[in-house]
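Structure at a glance
For reference, the chains in residue letters:
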Amino acid sequence: MMRRMCNDPVSFFKCLADATRLQILLLLAVEGELCVCELSSALAASQPKISRHLAQLRDGQLLDQRRDGQWIYYRLHDALPEWMATVINSAAGNNAAFIQPCRQRLATMGDRPQRQKTCC
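Presented here is a report on the structure given in the accompanying data block. Positions within a chain are numbered from 1, following the residues in the order the chain's sequence is written. A pLDDT threshold of at least 70 governs which residues receive local features in this predicted model, and a stricter bar of 80 or more applies before side-chain atom pairs are shown or counted, although totals over entire chains, interfaces and linings include all residues. Only hydrogens and water are set aside; all other atoms, that is, all heavy atoms of the structure, feed into the side-chain values.

What to know about the pattern of salt bridges
Pairing is possible between side chains of opposite charge, provided their charged atoms come close. Put simply, the test is: The working definition used for a salt bridge is a side-chain nitrogen of Lys or Arg within 4 Å of a carboxyl oxygen of Asp or Glu. Numbering of helices and strands starts at the N terminus; helices are DSSP runs of H or I of at least 4 residues and strands are runs of E of at least 2.
Going through the model one piece at a time under the given rule, you end up with 4 salt bridges. In this structure, the salt-bridge partner of Asp64 is Arg75, at a minimum N-O distance of 3.4 Å. Separated by 11 residues along the polypeptide, Asp64 in strand 2 (residues 63-68) and Arg75 in strand 3 (residues 71-76) bring together distant segments of the chain. A single network of salt bridges, built from pairs that share partners, joins Glu33, Arg66 and Asp68.

Side note on the side chain of Arg21
Put simply, the rule reads: Residue burial is assigned from relative accessible area. The probe radius is 1.4 Å, only protein chains are included, and a residue is buried under 20% of its type maximum, exposed over 50%, and partly exposed in between. In this count, Lys and Arg are taken as positive residues and Asp and Glu as negative ones, while His and the chain termini are left out. The criterion used for residue contact is that any of the two residues' heavy atoms lie within 4.5 Å.
Along the polypeptide, Arg21 turns up in helix 2 (residues 19-31). One buried charge, Arg21, has no salt-bridge partner; the nearest side chain with opposite charge is Asp18, at 4.2 Å. If we ignore the near neighbours within four places in the chain, the residues touching Arg21 are Lys14, Cys15, His53, Gln56 and Leu57.

Examining the packing of aromatic side chains
To describe a pair of aromatic rings, you give the distance between the ring centres and the angle between the ring planes. Using the following cut-off: Here the aromatic set is Phe, Tyr and Trp, taking the six-membered ring for Trp, and pairing holds for ring centres within 6.5 Å; pairs whose planes are under 30 degrees apart are stacked, those over 60 apart are edge-to-face, and all others are tilted.
Applying the stated criterion across every chain yields a total of 3 aromatic pairs. On the numbers, 5.1 Å between centres and 70 degrees between planes, the contact of Phe12 with Phe13 is edge-to-face. According to the relative accessible area criterion, Phe12 is buried, its value standing at 0%. Looking at Phe13, the relative accessible area reads 41%, which means it is partly exposed. Judged by centre distance (5.1 Å) and plane angle (75 degrees), the ring pair of Phe12 and Trp83 falls under edge-to-face. On the criterion of sequence distance, the pair formed by Phe12 in helix 1 (residues 9-16) and Trp83 in helix 5 (residues 82-94) is long-range, its members being 71 residues apart. Members of the aromatic cluster, joined through ring pairs, are Phe12, Phe13 and Trp83.

In C-alpha cells form, the structure reads like this:
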C-alpha cells in the first residue's frame, strides 16, 4: 500500500476534515497517547472503525505508535512540522467542548493500570 503523506496543507486538512480523525488527533493532543480500545471507548465507535482511521493518520505520518506487550499506543508524530503541531494543539486547546464528551467517556474506563488489564 502506498503511503499518502499529509506533508502539504491540502492533504493535512483533508485528514482533519473527518470528525473521527479530528477527534482522535485532538484527544491525543490532550491525553498524550492512547490505545485503540481507549479511543474506541472515548469515541463510542467500533474498534474496526477506529483502526481504519488510525491507519489513515499513521499512513499520513501524523501519528506514531509504540508497542507495550499486546497493546499498541498511538501519539502525535514527534516529527510533525511545527505548523501542523500548532494547528492541532491550537484546535485542541480552543475547542474543549468538541472533545469533552470523548474525554468523559474515557474517564469512565477507570484508572490507566486497570484499563491496561482489560484493554485491547
